[in-house]
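# Fold and geometry: a report
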Amino acid sequence: MLGQLDPQVSADLVSGMADFTLLLDSSGRIRELSINSEDLTGAVSDGWVGERLQDLVADESRGRIDDLLESASGAPGKAASCDAAHTLEDGTDLLVRYR
């Protein structure tokens, strides 16, 4: 359904529903970040912009992110998802479902 909407409308809709939203380029590099949950302030930061998503997740999550990005690039508009863990500065893991 979102594939039929204007890309900006789709982005605004998803951004309003998610705790945080990442806009990635074709290499998996984060180009934009929107944080919509005060609970994530400090855990998710603007410092992620410019970084590759694969470099921000725990080692055991990298393969899942690679698979997700490959799936998305091969079938734009097709829904794909994966669970990934980000190891935060304090050593705790932030579990995220990416779609």
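Criteria and thresholds
Residues numbered from 1 in each chain as written. Predicted model: local features only at pLDDT ≥ 70, side-chain atom pairs only at ≥ 80, totals over all residues. Heavy atoms only, no water. pLDDT = per-residue confidence, 0-100. Helix = DSSP H or I, 4+ residues; strand = E, 2+ residues; numbered from the N terminus. Salt bridge = Lys/Arg side-chain N within 4 Å of Asp/Glu carboxyl O. Buried < 20%, exposed > 50% of the residue type's maximum accessible area, 1.4 Å probe, protein only. Contact = heavy atoms within 4.5 Å. Phe/Tyr/Trp six-rings, centres within 6.5 Å; stacked < 30°, edge-to-face > 60°.

## Describing the confidence of the model for the protein chain
Segments scoring low in pLDDT should not have their predicted coordinates read at a detailed level. Residue-level pLDDT values for the protein chain average 81, and 78% of them are 70 or greater. Ranking the elements of the protein chain by mean pLDDT puts helix α1 (residues 7-17) last with 55 and strand β3 (residues 82-87) first with 92.

## Comments concerning the pattern of salt bridges
In this structure the tally under the stated criterion is 4 salt bridges. Residue D59 pairs with R62 through a salt bridge whose shortest N-O separation is 2.5 Å. Accessibility expressed as a relative area gives 31% for R62, which makes it partly exposed.

## Quick look at the environment of V44
Tracing the sequence through the fold places V44 in the loop between β2 (30-35) and α2 (62-74). Take V44: its relative accessible area is 2%, and that puts it in the buried class. Expressed as a C-alpha distance, the spacing of V44 and L33, which sit 11 residues apart in the sequence, is 9.0 Å. Setting aside residues no more than four positions away along its own chain, V44 makes contact with F20, L33, I35 and L94.

## What to know about the packing of aromatic side chains
How two aromatic rings sit relative to each other is set out by the distance from centre to centre and by the angle between their planes. Enumeration according to the criterion identifies 2 aromatic pairs in this entry. For the ring pair F20 and W48, a centre distance of 6.0 Å and an interplane angle of 85° mean the geometry is edge-to-face. With F20 in strand β1 (residues 20-24) and W48 in the loop between β2 and α2, this residue pair connects regions lying 28 residues apart in the sequence. Comparing F20 with W48, the two get one shared label, buried. Between the aromatic rings of F20 and Y98, the centroid separation amounts to 6.4 Å while the plane-to-plane angle is 85°, which identifies the pairing as edge-to-face. In this pair, F20 sits in strand β1 while Y98 sits in strand β4 (residues 93-98), placing the two residues 78 residues apart along the sequence. The same class applies to F20 and to Y98, which are both buried. Here the aromatic cluster, defined as three or more aromatic residues joined through ring pairs, consists of F20, W48 and Y98.

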